[in-house]
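The chain contents come next:
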Amino acid sequence: MAFKRFSIPRMLAAAVLAMAAAHVAAQQPSLPWPTKPIRYIVPFAPGGTTDILARTIGEKLSIALGQQIVIDNKAGQGGSLGTAELARSAPDGYTIGGGTISSHGINATLYEKLSYDPVASFTPITLYATQPNVLLVHPSVPATNVKEFIELLKANPDKYSFGSAGTGTSQHISGEMLKTMAGVKMQHIPYRGSGQMLPELLGGTLPVAFDNIASAIPHMKAGKLRALAVTTATRSGVAPDVPTFAESGYPGYELSSWQAVFAPAGTPKPIIDRLYTEISKILKMPDVQKRLSELGLDLSGMPPDELAALVKADMPRLGKIVKESGARAD
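Residues numbered from 1 in each chain as written. Predicted model: local features only at pLDDT ≥ 70, side-chain atom pairs only at ≥ 80, totals over all residues. Heavy atoms only, no water.

## Re helix α4 (residues 102–110)
Keep this limit in mind: Each residue is assigned to one of three classes by its accessible area relative to the maximum for its type, calculated with a 1.4 Å probe on protein chains only: buried under 20%, partly exposed between the two thresholds, exposed over 50%. Going along the chain from the N terminus, every DSSP run of H or I of four or more residues is numbered as a helix, and every run of E of two or more is numbered as a strand. Whether two residues are in contact is decided by their heavy atoms: any pair within 4.5 Å suffices.
Counting buried residues along α4, 7 of its 9 residues qualify, which places the element largely inside the surrounding structure. Residues Ser 102, Ser 103, His 104, Gly 105, Ile 106, Asn 107 and Leu 110 constitute the buried set of α4. Tucked into the core, α4 has its buried residues touching α3 (80–88), β3 (95–100), β4 (122–137), α6 (170–182), β9 (256–264) and α11 (304–325).

## Structural notes on the layout of surface pockets
It is the rolling of a water-molecule-sized probe over the atoms that shows where space remains empty. What counts is decided by this rule: In this analysis, the protein atoms alone were mapped onto a 1 Å grid. Cavities are point sets where a 1.4 Å probe fits without being able to get out; pockets are open sets with protein on both sides within 12 Å along at least five of seven lines; lining residues have an atom within 4 Å of a point. Grid points are joined across faces, edges and corners, and a volume is the space filled by probe spheres set on the points.
Its volume calculated, the largest pocket comes out at about 160 Å³. Around the largest pocket sit 14 residues that line it, and Pro 132, Arg 235, Ser 236, Gly 237 and Asp 298 are the ones nearest its centre. Top element by residues in the lining of the largest pocket is β4. It accounts for 3 residues.

## Looking at the side chain of Asp 314
Here is the rule we go by: Two N or O atoms form a polar contact when they lie within 3.5 Å of each other; inside protein one atom must be a possible hydrogen donor and the other a possible acceptor, and for residues adjacent in sequence the pair counts only when both atoms belong to side chains.
Locating Asp 314 in the fold gives a position in helix α11. On the basis of relative accessibility, which here comes to 6%, the residue Asp 314 falls in the buried class. One polar contact links Asp 314 to Arg 317, side chain to side chain, over a distance of 2.9 Å. Once residues lying within four places of it in the same chain are set aside, the contact partners of Asp 314 are Ile 101, Trp 258 and Gly 319.

The structure is reproduced here in structure tokens:
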């Protein structure tokens, strides 16, 4: 039998390399996170799309991580109050939060001073989904389409008000865009989320509102609210009979709402990577896809760097829309 010859220096070198590798491995153990419950800040009241997503994803994420996801609703100022609290939280992976086109785009222009920077104050995790907003009227409002609605407003310039999920939300800006493009008057009534607005709309106290289609669709299908148009460039798959504003005589009217999740700036990359991986798996689960798709959400799951690019690109685009609409922080 022939034996290969090894020189002593080579053997020593191999041993040293093996010991070094073992030392590095010992210094880099498996991620010791999470070891306690994770707080999930929802910057809107219960019942809206941001809340629905947080609870749907959070339930599955609790199982995946082996720790409870605690939903904490902090509503106010178009999502700015809860978002500011997220920005101030420790970047240790134990606080994450929902972010929207409002909190990370519109509010940067609408409010003169924000206590957070939509880009620098956060570490993106993933984009959940996009969806249209929808113009809703109570059945008592004598309008069955946008044309009739605009004629009604022009004939009664001080009679109708429209509600939204809050000042600075995409619903608010959707209403301001219509006022500007149609040349009509409607007073804006901000609520602390769709969950607070919808009961008054359903009861007829509030005659008109713009809302995310996800929270509106159950009431649309039940015939309790009449949908006149969606704000996106194309019709929604869950409401194919509802036309777009462009189809209703307002070409160029387009606004798509998006929903995402963020962590405070400085959150370690291994934690962000783990959250992104687990949430991506959750968004691909058949039961999750079925539930959210039925609410009119177009699921995404884009990686953190793409979400960061989206926020940076959306801020000037949305700022232009806010300025052209004449919207103000009430």
